[in-house]
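Examining the three-dimensional arrangement
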Amino acid sequence: MSDTSPGPDEVRHVARLARVAISDEEAEQFAGQFADILGYFETLDEVPEVERDTDLVNVMREDEVRDSLEQEDALSNAPESEDGYFKGPNVS
């Protein structure tokens, strides 16, 4: 683990800047989680780079133009429709 891991004081400072209220217990918990995350990045830094000699190849199929569904067919499985359109819940 690195000495640059954030401590609870730094977590509280960032929380204040973000205007997020956290308890001392949460600050301790987040500090530990941040230390773990930074440790994962340090582990990734240790992974050796590999030479890539092969060219990348597109493995996706070509687009095919096909007829689209009729409106009635498209709406046939919709739980609700209205005036030829899908109907969803009101969002306020």
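Please refer to the structure placed before this passage.
Report on the accompanying structure. What you see is a predicted model; the values in this text were computed from it and never measured. (Residues numbered from 1 in each chain as written. Predicted model: local features only at pLDDT ≥ 70, side-chain atom pairs only at ≥ 80, totals over all residues. Heavy atoms only, no water.)

**Examining a negative patch on the surface**
Negative charge collects at one region of the surface, where Asp67, Glu70, Glu72 and Asp73 lie side by side. Topologically, Asp67 is positioned in the loop between α2 (24-45) and α3 (71-75). On the accessibility criterion, Asp67 (80% relative accessible area) is exposed. (Patch = residues over 30% accessible without salt bridge, like charges linked within 9 Å, V, L, I, M, F, W, Y side chains within 5 Å. Areas by Shrake-Rupley, 256 points an atom, 1.4 Å probe, with all protein chains shown as cover. Salt bridge = Lys/Arg side-chain N within 4 Å of Asp/Glu carboxyl O. Lys, Arg positive; Asp, Glu negative; His and termini not counted. Charge placed at Lys NZ, Arg CZ, Asp CG, Glu CD. Helix = DSSP H or I, 4+ residues; strand = E, 2+ residues; numbered from the N terminus. Buried < 20%, exposed > 50% of the residue type's maximum accessible area, 1.4 Å probe, protein only.)

**Concerning α2**
Between its first and last C-alpha, α2 extends 32 Å over 22 residues, near the 32 Å set by a 1.5 Å rise per residue. Restricting attention to buried positions, one finds in α2 the residues Ala27, Ala31, Ala35 and Gly39. Within α2, the buried residues cover an arc of 120° as seen down the axis, which keeps them to one side. Exposed residues on α2 whose side chains face more than 90 degrees from its buried face are Glu25, Tyr40, Phe41 and Leu44. Among the structural elements, α1 (8-17) are those in contact with the buried residues of α2. (Expected span 1.5 Å × (residues − 1). Arc of directions from axis to C-beta. Contact = heavy atoms within 4.5 Å.)

**Examining unusual backbone geometry**
Positive phi values are uncommon outside glycine, yet Arg19 reaches one of about 60°. Mapped onto the elements, Arg19 comes out in the loop between α1 and α2. The phi dihedral of Asp83 falls on the positive side, at around 55°, and the residue is not glycine. Tracing the backbone through its elements, the reader meets Asp83 in the loop between β1 (81-82) and β2 (85-86). Here Asp83 falls in the exposed class, since its relative accessible area comes to 68%.

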